[in-house]
Amino acid sequence: MRRVPVALGERSYDVLIAPGLIAEAGERLAPFARNGRIVIVSDENVWKAQGATLERGLRPIAADLILIPPGEGSKSWASLGSLLDALLARGIERGDHIVAFGGGVVGDLVGFAAAILKRGCGFVQVPTSLLAQVDSSVGGKTGINVAAGKNMVGAFHHPALVLIDPDMLDTLPERERRAGYAEVAKYGLIGDAAFFDWCEANGRALLAGDSQVRQHAIATSVEAKAAIVAADERETSGRRALLNLGHTFGHALEAETGFSDLLLHGEAVAIGMAYAFQLSARLGLCPPGDAERVRDHLAAVGLPVAWSADPDALVAHMRHDKKATAGRITLILTRGIGQAFVDHNVDAEEIASFLSEVGEQPTHAA
Ligand SMILES: NC(=O)c1ccc[n+]([C@@H]2O[C@H](COP(=O)([O-])OP(=O)(O)OC[C@H]3O[C@@H](n4cnc5c(N)ncnc54)[C@H](O)[C@@H]3O)[C@@H](O)[C@H]2O)c1
Ligand SMILES: [Zn+2]
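Just so we're clear, the structure is a prediction, and the values are computed from it rather than from any experiment. (Residues numbered from 1 in each chain as written. Chains lettered and ligands numbered in written order. Predicted model: local features only at pLDDT ≥ 70, side-chain atom pairs only at ≥ 80, totals over all residues. Heavy atoms only, no water.)

## Considering the coordination of the zinc ion (ligand 2)
Distances from the zinc ion (ligand 2) to its protein donors, namely Glu183 (OE), His247 (NE2) and His265 (NE2), fall within the range 2.0 to 2.1 Å. Here the donor residues of the zinc ion (ligand 2) are spaced in sequence according to E-x63-H-x17-H. Taken together, the residues span a long stretch of sequence, with His247 in helix α9 (residues 247-256) and His265 in helix α10 (residues 265-282) at a distance of 18 residues. (Donors = N, O, S within 2.8 Å, 3.2 Å for Na, K, Ca; no water. Helix = DSSP H or I, 4+ residues; strand = E, 2+ residues; numbered from the N terminus.)

This is the structure:
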């Protein structure tokens, strides 16, 4: 078992990672149960695939289950309202803990509900998607999407514990696994060149389900995220902003494709990371060979690395402005693999001209 502490003073918590950990859920969650019961929130897909396994592992604790529809649509005011009502109907108190059993959608929604229910109750993350295991379950960002944009309403609210069982990924659809893998590779690209080397050697095995490889990738990712979050809990010093590598381009692509199934978040991030490296190379900041390596590796595991879209529209999204393309944009750029940095002063015209070149030959995930 790997234990990764997230050091945040009185808000500190542990991330436990082990294949088969779900079988010990009862023991691990016993301190959070009340009268032998615990409220579990999950989505219908996750519950169908892994609910029986969790219920077995929970014994003798009984699951008081609340199911939400799967998909990004559940990160909404409407779902938040029904979830809060359902939790209140179950008599949740401020000292209680709710278990979020699912991907990033369940984790973000439940975390936000916990942040505001009775002015804040506890919660435990039991992430079941690769993205949630390596990224969203750690760090305390919670929230929902509103008309103005994704994750625009939310709170920092840390879980009391994160239980990661990599075996949960056995039932995760392959495309979701690949998309989550983009966030794994991201940690190597941000600040750990040796881990990116490891990804190049082991990425395929990870996606194929090799248990040891999977555990190493998750633990390394969680350690990297925990260190960044501990150093910059509320994204004020610029350190946590590095986690946005590939995300400014990625969000623009997601917005331009209407947050639809055309591009999953991790797929958009893969394209965004390939772009961030290519743009850095073009600006003379990063060796062109590093940009090629990044693009080649992401493509080799089946992730998209380019997308054709209107460059001006993308730049407008990057500026969070529907019309303007002039001015400067903040981007995570890089001096090479493992050497990302925040640049607050990237020329929007330069980005537009770069995008008009790279967007011409789209490559899509298989
Ligand atoms: N809070 C953060 O710091 C943070 C960071 C990154 C992303 N996010 C958020 O995370 C969300 C994306 O998370 P996601 O990619 O996990 O999406 P998701 O929660 O929608 O899960 C993806 C799909 O896989 C299914 N699924 C999950 N686990 C499964 C399993 N073990 N077996 C079978 N099916 C399973 C889900 O039902 C869903 O259909 C986005 O809303 C994003 O904004 C949050
Ligand atoms: Zn992301």
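## Focus: α9
Every buried residue of α9 is listed here: His247, Phe249, Gly250, Ala252, Leu253 and Glu254. Directly after α9, the chain includes Gly258, whose backbone phi takes a positive value near 70 degrees. (Buried < 20%, exposed > 50% of the residue type's maximum accessible area, 1.4 Å probe, protein only.)

## Let's talk about unusual backbone geometry
The peptide bond linking Arg59 to Pro60 adopts the cis configuration, its omega dihedral lying at 10 degrees. Locating Pro60 in the fold gives a position in the loop between α2 (44-58) and β4 (62-68). Unusually for a residue other than glycine, Asn35 sits at a positive phi of about 50 degrees. The class of Asn35 is exposed, set by a relative accessible area of 74%. Backbone geometry places Arg119, a non-glycine residue, at a positive phi of 65 degrees. With respect to the helices and strands, the residue Arg119 is situated in the loop between α4 (104-116) and β6 (122-127).

## Here we look at the packing of helix α6 (residues 174-191) against helix α7 (residues 193-208)
At a closest axis distance of 8 Å, the pairing of α6 and α7 adopts a crossing angle of 165 degrees. As far as their axial angle goes, α7 and α6 are roughly antiparallel. For the pair α6 and α7, the sense of crossing is right-handed. The residues of α7 that touch α6, namely those facing Arg177, Arg178, Tyr181, Val184, Ala185, Tyr187, Gly188, Leu189 and Gly191, are Ala193, Phe195, Phe196, Cys199, Gly203, Leu206, Leu207 and Ala208. Its residues assigned to classes, the contact of α6 with α7 comprises twelve nonpolar, three polar and two charged. (Axes fitted to C-alpha atoms, helices over the stretch in contact; angles between N-to-C directions. Parallel < 35°, antiparallel > 145°, perpendicular 65-115°, else oblique. Left-handed = near helix turned anticlockwise from the far one by under 90°. Contact = heavy atoms within 4.5 Å. Nonpolar A, V, L, I, M, F, W, Y, C, P; charged D, E, K, R; others polar.)

## What to know about the packing of aromatic side chains
Following the criterion strictly, the structure yields five aromatic pairs and no others. Pairing Tyr275 with Phe354 gives two aromatic rings, centres 5.7 Å apart and planes at 90 degrees, and the pair type is edge-to-face. With Tyr275 in helix α10 and Phe354 in helix α13 (residues 348-358), the pair connects residues that are 79 residues apart, well separated along the chain. Residue Tyr275 shares its accessibility class with Phe354, and that shared class is buried. (Phe/Tyr/Trp six-rings, centres within 6.5 Å; stacked < 30°, edge-to-face > 60°.)

## As for the sheet that holds strand β5 (residues 97-102)
The strand order across the open sheet built from seven strands is β1-β2-β9-β6-β5-β3-β4, with neighbouring strands paired in mixed fashion. Two strands close off the open sheet at either side, each with one partner strand: β1 (2-6) and β4. Across this sheet, the average inter-strand angle for adjacent strands is 20 degrees, counted without regard to direction. Note: β6 against strand β9 (residues 161-164), two bridges, orientation parallel. Each residue of the ladder has a partner; that of Val124, found in β9, is Leu161. The sheet contacts of α2 involve β3 (37-43), β4 and β5, and relative to β3 the element is tilted by about 155 degrees. (Pairing = 2+ DSSP bridges.)

## Observations concerning the environment of Asp135
Here Asp135 lies in helix α5 (residues 130-136). When the C-alpha atoms of Asp135 and Ala224 are compared, they prove to be 9.8 Å apart, with 89 residues separating the residues in sequence. Non-local contacts of Asp135, meaning those with residues more than four positions away in its chain, are made with Glu183, Lys186, Tyr187 and Lys225.

## A look at the side chain of Asn145
Considering the arrangement of structural elements, one finds Asn145 in strand β7 (residues 141-146). At 2.8 Å, the side chain of Asn145 and the side chain of Glu72 are in polar contact. Here Asn151 takes part through its backbone nitrogen, which lies 2.9 Å from a polar atom of the side chain of Asn145. Setting aside residues up to four positions removed in sequence, Asn145 forms contacts with Glu72, Lys75, Ser76, Lys150 and Asn151. (Polar contact = N/O pair within 3.5 Å; in protein donor to acceptor, adjacent residues only side chain to side chain.)

## Some words on the pattern of salt bridges
Applying the stated criterion to the full structure yields 25 salt bridges. For Asp170, the salt bridge is made with Arg214, and the minimal N-O distance between the two is 2.9 Å. Taken together, the residues span a long stretch of sequence, with Asp170 in the loop between β9 and α6 and Arg214 in helix α8 (residues 211-231) at a distance of 44 residues. Looking at Asp170, the relative accessible area reads 49%, which means it is partly exposed. Two residues, Arg282 and Glu357, come together in a salt bridge whose shortest N-O distance is 2.9 Å. (Salt bridge = Lys/Arg side-chain N within 4 Å of Asp/Glu carboxyl O.)

## Structural notes on helix α11 (residues 288-300)
The terminal C-alpha atoms of α11 lie 18 Å apart, and with 13 residues this matches the ideal 18 Å at 1.5 Å per residue to within 8%. Where α11 is buried, its residues contact α6, α7 and α10. In the stretch just after α11, Gly302 is the one whose phi turns positive, near 95 degrees. (Expected span 1.5 Å × (residues − 1).)

## Describing the layout of surface pockets
Here the second largest pocket defines a volume of roughly 180 Å³. For the second largest pocket, the lining is made up of 13 residues, of which Arg34, Arg37, Val39, Arg90 and Asp96 are closest to its centre. Considering every element that reaches the lining of the second largest pocket, the biggest residue donor is β3, with three residues. Considered class by class, the residues forming the lining of the second largest pocket number five nonpolar, three polar and five charged. (1 Å grid on protein atoms, 1.4 Å probe; cavity = no way out; pocket = protein on both sides within 12 Å on 5 of 7 lines; lining within 4 Å. Points joined across faces, edges and corners; volume = space filled by probe spheres on them.)

Coordinates in, geometry out; function isn't part of it.
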